[in-house]
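What the coordinates show
Letter by letter, the chains look like this.
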Amino acid sequence: MNIGIIAHSSKRTLIEDFCIAYKGILSRHDIYATGTTGRRIEEVTNLHVHKFLPASLGGDKQFTEMIERGAMDMVIFFYNPNMIDPKDPDLKTIVTACDRNTIPVATNIATAEMLVLGLGRGDLDWRIGMRTSDTL
């Protein structure tokens, strides 16, 4: 499965802790992230992360393009609802792309834990049938 992980600057420590906690499950999948978030996840978990550019340099657009192709199977996007930084990825664009392509998305730790635990049980295996060779 292709798992997209993205976080606003103020939520990067939370996403690191999340990835440490669920490293065992995440290690069995392909992880995609914007540049800085991906680098930080790699540093704390030793997981391989396919990294896009930093979000401020277009990585959020690369991330969204993968969603639009239907090539992402699940997205975890930790954002800060109290702080809007124009350099941070756009929540509405990414969540809308997930909704349009029937891709499960979590925007907080409670939902992310439910998704990743379901991923570990195989509850998201239905996504494999939704991908075609031209979406990868």
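Presented here is a report on the structure given in the accompanying data block. (Residues numbered from 1 in each chain as written. Predicted model: local features only at pLDDT ≥ 70, side-chain atom pairs only at ≥ 80, totals over all residues. Heavy atoms only, no water.)

Here we look at helix H1 (residues 12–21)
The periodicity of an α-helix, 3.6 residues per turn, causes residues three or four positions apart to be oriented the same way. By the burial criterion, the buried members of H1 are Arg12, Ile15, Glu16, Phe18 and Cys19. For H1, the angular spread of the buried residues around the axis is 160°, confining them to a single face. (Buried < 20%, exposed > 50% of the residue type's maximum accessible area, 1.4 Å probe, protein only. Helix = DSSP H or I, 4+ residues; strand = E, 2+ residues; numbered from the N terminus. Arc of directions from axis to C-beta.)

Some words on the pattern of salt bridges
Using the criterion set out here, one finds 6 salt bridges in the structure. Among the salt bridges present, the one from glutamate 42 reaches lysine 51, with a minimum N-O distance of 2.8 Å. Among the residues examined, lysine 51 registers a relative accessible area of 40% and is labelled partly exposed. Here arginine 100 and glutamate 68 are joined by a salt bridge, their closest N and O atoms 2.9 Å apart. Linking arginine 100 in helix H5 (residues 91–100) with glutamate 68 in helix H4 (residues 59–68), this pair joins segments that are 32 residues apart in sequence. Using a relative accessible area of 35% as the deciding quantity, one classes glutamate 68 as partly exposed. (Salt bridge = Lys/Arg side-chain N within 4 Å of Asp/Glu carboxyl O.)

A short note on the nonpolar core
Core analysis: the largest hydrophobic core is formed by 24 residues, its most contacted members being Ile3, Phe18, Leu26 and Leu119. Of all the secondary structure elements, the ones that give two or more residues to this core are strand S1 (2–7), H1, helix H2 (23–26), strand S2 (30–33), strand S4 (74–78) and helix H6 (109–121). The dominant element in this core, judged by the number of residues it contributes, is H6, at 4 residues. Non-local contacts of leucine 26, meaning those with residues more than four positions away in its chain, are made with Ile3, Cys19, Ile31, Leu47 and Val116. (Core = buried A, V, L, I, M, F, W, Y, C linked by side-chain atoms within 4.5 Å. Contact = heavy atoms within 4.5 Å.)

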